[in-house]
Amino acid sequence: MRGFTDADRAALNRDQPEPLYHQLFLVLKRKIEIGEWRLGWRLPGEAELAEFFDVSRITSKRAMDELARQGLITRRRGLGSHVSYRDPPKILQAPLLSMIDSLALIGRETSIRLLDFARVNPPPQVCDALGLRATDLCDRAVRVRNNENGAPFAHYTSWTVPLGPVFCAENLRGSSRLELFRRLGLELSEVEQTLSAEAADGTLADQLELPLGAPLLLISRVTRDQRGRPFDYLRALYRPDRFSYHMRLNAKDLVVRGYR
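All values reported here derive from a predicted model rather than from experimental measurement. (Residues numbered from 1 in each chain as written. Predicted model: local features only at pLDDT ≥ 70, side-chain atom pairs only at ≥ 80, totals over all residues. Heavy atoms only, no water.)

Novice: Can you help me understand the overall build of the chain in this one?
Specialist: The secondary structure content of the chain amounts to ten helices and ten strands. In the chain, which comprises 260 residues, the share counted as buried stands at 45%. Within the chain, residue pairs in contact and separated by at least 24 positions form 60% of the contacts whose partners lie at least 6 positions apart. Total accessible area computed for the chain in this model is approximately 14000 Å², and 49% of it derives from carbon and sulfur atoms. (Helix = DSSP H or I, 4+ residues; strand = E, 2+ residues; numbered from the N terminus. Buried < 20%, exposed > 50% of the residue type's maximum accessible area, 1.4 Å probe, protein only. Contact = heavy atoms within 4.5 Å. Areas by Shrake-Rupley, 256 points an atom, 1.4 Å probe, with all protein chains shown as cover.)

Novice: How should the pattern of salt bridges be read in this particular structure?
Specialist: Opposite charge on two side chains allows them to pair when their charged atoms are near. All chains considered together, the criterion is met by 17 salt bridges. A salt bridge links arginine 9 to aspartate 6, with the nearest nitrogen and oxygen atoms 3.1 Å apart. With a gap of three residues between them, arginine 9 and aspartate 6 both fall in helix 1 (residues 6–10), about one helical turn apart. The class of aspartate 6 is exposed, set by a relative accessible area of 59%. For the salt bridge of lysine 31 with aspartate 8, the shortest nitrogen-to-oxygen distance reads 2.9 Å. Of this pair, lysine 31 sits in helix 2 (residues 20–33) while aspartate 8 is found in helix 1, placing the two residues 23 residues apart along the sequence. Aspartate 8 carries the same exposure label as lysine 31, and that label is buried. Several salt bridges share partner residues, and in doing so they unite Glu46, Arg57, Lys61, Asp65 and Arg75 into one network. (Salt bridge = Lys/Arg side-chain N within 4 Å of Asp/Glu carboxyl O.)

Novice: Would you mind going over helix 4 (residues 57–69) with me for this structure?
Specialist: Because an α-helix completes one turn every 3.6 residues, residues spaced three or four positions apart along the sequence face the same direction. Taking 1.5 Å of rise per residue, the 13 residues of helix 4 would be expected to cover 18 Å, and the 18 Å separating its terminal C-alpha atoms lies within 8% of that figure. For helix 4, the full list of buried residues reads Thr59, Ser60, Ala63, Met64, Glu66 and Leu67. Axial view of helix 4: buried residues confined to an arc of 155 degrees, hence all on one face. Among the exposed residues of helix 4, those pointing more than 90 degrees away from its buried face are Arg57, Ile58 and Arg69. Summarising the contacts, the buried residues of helix 4 are in contact with helix 2, helix 3 (46–53), strand 1 (73–76) and strand 2 (80–83). Downstream of helix 4 by one or two residues, glycine 71 has phi in the positive range, about 75 degrees. (Expected span 1.5 Å × (residues − 1). Arc of directions from axis to C-beta.)

Listed below in structure tokens is the structure:
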């Protein structure tokens, strides 16, 4: 069917707990937000969607109704459904070589929502990175960051060594972690991070409004204080259509890294 691929059909998974109508809604929404379907594009009808995705007419109607409810399409009897989304999200670029400056930049230009905060035993990977024992505790925060249009583009899970009552859920709802670190007298002397990729599971797909299995940019980040001690581990997952890192290397950098 026009405007769809086999991958779109495969994005609907009946084995997932997420309702089929919402999975279909995320497939359609993504096509609109990334600009594949531009302003004025006429969407297929409910019957066509139901046939192509092998779902009920009620399922396709609920997906289309949700698109209309969020202002992404307009529906008119006899004229069909058309894309009305006018402002595709701008991709946020952050410099990879100036870590601390980029953290502050992202914080100023976006908003964040705290989903969970708890004191837990960190996983082995975090223990190794922060030099902790398996029995040690860390403050784990789970958050979602939205761009200037209110669209989610990042999912964060962080583990921070206990820093006292200032680093708490209430303060995280009103301040960035960077602001709290500075309030506590911590200076970020070094930020080390690793870039990789990961496919979105059901939870991530729902929170970042993506189809199941969509590719995400994964950044694992260890932060050290002014004494060189690691105190924070961050696992950040980004939608690549809404966020990218920009890196510039000069000739000296290339020689140092072995590119001659």
